Amino acid sequence: MKTLSIIIVTYKSQEDILNCLSSIFKTADIPREFMDIIVVDNSSKEVFLETQELIVAEYGAEIRIFHN
């Protein structure tokens, strides 16, 4: 069971979102398995696919990412 849900809404901010995710994992006081992190990307489809690729390469399936 997840105890913390974090929803991040972004628009054309690939570097910022990676920094944000890194910061969450570095400073969180609870284990990763109790966190549910969701990224909602409002960018174009091309930018979304690039962002998704970067997040998956860094964090695998730990992060759920959606295109809005």
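For the structure itself, look to the data block above.
All of these numbers come straight from a predicted model, not from anything done at the bench.

What counts, and at which threshold
Residues numbered from 1 in each chain as written. Predicted model: local features only at pLDDT ≥ 70, side-chain atom pairs only at ≥ 80, totals over all residues. Heavy atoms only, no water. Core = buried A, V, L, I, M, F, W, Y, C linked by side-chain atoms within 4.5 Å. Buried < 20%, exposed > 50% of the residue type's maximum accessible area, 1.4 Å probe, protein only. Helix = DSSP H or I, 4+ residues; strand = E, 2+ residues; numbered from the N terminus. Contact = heavy atoms within 4.5 Å. Patch = residues over 30% accessible without salt bridge, like charges linked within 9 Å, V, L, I, M, F, W, Y side chains within 5 Å. Areas by Shrake-Rupley, 256 points an atom, 1.4 Å probe, with all protein chains shown as cover. Salt bridge = Lys/Arg side-chain N within 4 Å of Asp/Glu carboxyl O. Polar contact = N/O pair within 3.5 Å; in protein donor to acceptor, adjacent residues only side chain to side chain.

Student: Even after reading the chapter, I still don't get the nonpolar core, so can you show me in this structure?
Tutor: Across soluble globular proteins, nonpolar side chains show a tendency to be buried alongside one another. Of all hydrophobic cores here, the largest spans 14 residues; its most connected members are Ile-8, Leu-21, Ile-37, Val-39, Ile-55 and Ile-63. Considering every element that reaches this core, the biggest residue donor is helix 1 (residues 14-27), with four residues. When residues no more than four places from it in sequence are discounted, the contact partners of Ile-37 are Ile-6, Ile-8, Leu-21, Ile-24, Phe-25, Glu-62, Ile-63 and Arg-64.

Student: Just checking my understanding: could you explain a nonpolar patch on the surface for this structure?
Tutor: Side chains of Leu-4, Ile-30 and Phe-34 sit close together on the surface and give an oily, nonpolar patch of about 210 Å² of accessible area. Looking at the secondary structure, you find Leu-4 in strand 1 (residues 4-10).

Student: I would appreciate a short explanation of the pattern of salt bridges in the present structure.
Tutor: Pairing is possible between side chains that carry opposite charge, provided their charged atoms lie close to one another. For the structure shown, the criterion picks out two salt bridges. Arg-32 is the partner of Glu-62 in a salt bridge, and the nearest nitrogen-oxygen pair spans 2.9 Å. On the criterion of sequence distance, the pair formed by Glu-62 in the loop between helix 2 (45-59) and strand 3 (63-67) and Arg-32 in the loop between helix 1 and strand 2 (35-41) is long-range, its members being 30 residues apart. Among the residues examined, Glu-62 registers a relative accessible area of 36% and is labelled partly exposed. A relative accessible area of 41% means that Arg-32 is categorised as partly exposed. Where Arg-64 meets Asp-36, a salt bridge forms, and the shortest distance between an N and an O atom there is 2.8 Å. Of this pair, Arg-64 sits in strand 3 while Asp-36 is found in strand 2, placing the two residues 28 residues apart along the sequence.

Student: Help me understand the environment of Glu-15 in this model?
Tutor: Mapped onto the fold, Glu-15 is located in helix 1. The class for Glu-15 is exposed, based on a relative accessible area of 61%. Along the chain, Glu-15 and Glu-50 lie 35 residues apart, while their C-alpha atoms are 11 Å from each other.

Student: Please explain the side chain of Asp-41 as it appears in this structure.
Tutor: Along the polypeptide, Asp-41 turns up in strand 2. A polar atom in the side chain of Asp-41 sits 3.5 Å from the side chain of Thr-51. For Asp-41, the residues in contact, after removing those within four places along its chain, are Thr-10, Tyr-11, Lys-12, Val-47, Phe-48, Thr-51, Phe-66, His-67 and Asn-68.

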